[in-house]
Amino acid sequence: MNIEELHKLISNKWFIIVIAVLIGLVLAYLLIKPLFKSLYTRTLKNNRPYVAKLFKSIGSISILIGIALVLNIISILPINVGVDTTIKSPLEILNIILATFVIGEMLIFIYEKYVNRNVDNKVSSLFHIVIRLLLYSAVVIIVSNELHYDLKAMLTALGVGGLAIALALQDTLGNLFAGMQILASKQFRPGDYVKIAEDVEGYVIDINWRNTMLRTRSENVIIVPNSKIAQSITINYFSIQKNLYFKVSLGVDYSSDLEKVERVTLEVAEEVLKQYPYVPKDFHPRFYYDQFADSSINFYVWLATDIYSNQFNIKHHFIKALKARYDKEGIVIPFPIRTLYINK
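Reference entry: report on the structure contained in this document. What you are looking at is a predicted structure, and each value in this text was computed from that prediction instead of being measured.

## Some words on the packing of aromatic side chains
Taken as a whole and judged by the stated rule, the model has nine aromatic pairs. Seen in terms of ring centroids, Phe36 and Phe55 are 6.3 Å apart; in terms of plane orientation they differ by 50 degrees. Their pairing is tilted. Pair noted here: Phe36 is in helix 2 (residues 13-45) and Phe55 is in helix 3 (residues 49-59), with a separation of 19 residues, a long-range link. Residue Phe36 is classed as buried on the basis of its relative accessible area of 15%. Look at Tyr193 and Tyr203: their rings are 4.8 Å apart centre to centre, the planes differ by 80 degrees, and that puts the pair in the edge-to-face class. Taken together, the residues span a long stretch of sequence, with Tyr193 in strand 1 (residues 193-196) and Tyr203 in strand 2 (residues 200-207) at a distance of ten residues. The two residues Tyr193 and Tyr203 agree in class, both being buried.

## Concerning the packing of helix 10 (residues 258-273) against helix 11 (residues 310-329)
Look at helix 10 against helix 11: their axes get within 9 Å of each other, and the N-to-C directions meet at 140 degrees. Our classification of the angle between helix 10 and helix 11 gives oblique. Relative to helix 11, the crossing made by helix 10 is right-handed. Together, Lys260, Val261, Val264, Thr265, Glu267, Val268, Ala269, Glu271, Val272 and Leu273 of helix 10 and Ile314, His317, Phe318, Ala321, Leu322, Arg325, Tyr326 and Glu329 of helix 11 make up the contact between the two elements. Classifying every residue of the contact of helix 10 with helix 11 by side-chain character gives eleven nonpolar, two polar and five charged.

## Points about helix 10
With 16 residues, helix 10 should cover 22 Å at 1.5 Å per step; its first-to-last C-alpha distance of 23 Å lies within 8% of that length. Among the residues of helix 10, those classed as buried are Val261, Val264, Thr265, Val268, Ala269, Val272 and Leu273. Seen from one end, helix 10 has its buried residues packed into an arc of 160 degrees, which puts them on one side. Looking at the buried positions of helix 10, the neighbouring elements they touch are strand 6 (244-252), strand 7 (286-292), strand 8 (297-305) and helix 11. If you check the start of helix 10, you find a side-chain oxygen 3.2 Å away from the backbone N of Glu259, and it comes from Asp257.

## Thoughts on the environment of Thr172
By the secondary structure assignment, Thr172 is in helix 8 (residues 170-184). Looking at Thr172, the relative accessible area reads 25%, which means it is partly exposed. C-alpha of Thr172 to C-alpha of Asn226: the two residues are 54 residues apart in sequence and 9.6 Å apart in space. Residues in contact with Thr172, not counting those within four places in the same chain, are Trp209 and Arg210.

## Section: the nonpolar core
Among the nonpolar cores identified, the biggest contains 22 residues, and Val261, Phe299, Val301, Leu303, Ile314, Phe318 and Tyr326 are the most heavily contacted of them. Within the residue set of this core, elements represented by two or more residues are strand 6, helix 10, strand 8 and helix 11. Per-element accounting of this core gives the leading share, six residues, to helix 10. Residues within four places of Tyr326 in sequence aside, it is in contact with Val252, Val261, Val264, Thr265, Phe299, Ile331 and Ile333. Counting 13 residues, the second-largest nonpolar core is a separate cluster that includes Val194, Leu214, Val224 and Ile229.

Basis of the calculations
Residues numbered from 1 in each chain as written. Predicted model: local features only at pLDDT ≥ 70, side-chain atom pairs only at ≥ 80, totals over all residues. Heavy atoms only, no water. Phe/Tyr/Trp six-rings, centres within 6.5 Å; stacked < 30°, edge-to-face > 60°. Helix = DSSP H or I, 4+ residues; strand = E, 2+ residues; numbered from the N terminus. Buried < 20%, exposed > 50% of the residue type's maximum accessible area, 1.4 Å probe, protein only. Axes fitted to C-alpha atoms, helices over the stretch in contact; angles between N-to-C directions. Parallel < 35°, antiparallel > 145°, perpendicular 65-115°, else oblique. Left-handed = near helix turned anticlockwise from the far one by under 90°. Contact = heavy atoms within 4.5 Å. Nonpolar A, V, L, I, M, F, W, Y, C, P; charged D, E, K, R; others polar. Expected span 1.5 Å × (residues − 1). Arc of directions from axis to C-beta. Polar contact = N/O pair within 3.5 Å; in protein donor to acceptor, adjacent residues only side chain to side chain. Core = buried A, V, L, I, M, F, W, Y, C linked by side-chain atoms within 4.5 Å.

Structure follows, in structure tokens:
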């Protein structure tokens, strides 16, 4: 290849564009991607999870950022080979897509960090979907205007087939709007412990466009369609406060000193609750006699904890400690007894 052919090749606009794209790829892999990865790792170590998530999201489009950066630089260089006119429209579209993606991730960052900061760092992914859907819809309109494409014809076609699409997506749209209704009404949020109907309960992991995921106490995941939740009776144990009050039912022999039973039981309950820092402050156990049963005088003790799952550990240690103390004090927990009277 002689000098004239080399000069002609270098002056070719497509050659310059291809070289620019290759430089953008190299820039993305060697500089931009490692940069965002380093920022993600550093912010995560500094306990800034929201910022780390933002850097990770933007870093996922490092290739597009690298290519757009190089092409933008070329478009403003005084290269008189028609490159700027050739890449003007595609470059503007690429810039719009990148700007929309970054704006969307920034809005999600703002929502998670500031708007939803009181939900214990747990945010539903449904809001992410809604934010992205609205922004990408705006991008379609902007790009269509940039390409001088009339959306009216497409909207008309969608209007004709809209009924068929709506019928086909009836279940999907029902779950989507049910999920939005659950979040908008604050029925529950990720992190809450809920009970749906009679046999489904657990911690809410996420609410997405189709279903809600619950983590049970046995570390299993239950996936429930949003529309089913919207139609069911739901108990949210965290709706008003995270403090949970629960009772333990017991019974003692009819010959027991009831005053002594009450005193000893409350002492044991106080001692057990002192071992758990997550018990609400200024809470004291409560004791109530309940009924004269067949074999015992029954009563129940009200205890408290912060979240639903901790009650089982407290109840476990309370029963063990109470049995040991009753044995020491001579308080009898009777077996079931029935007295038979036989008339001769």
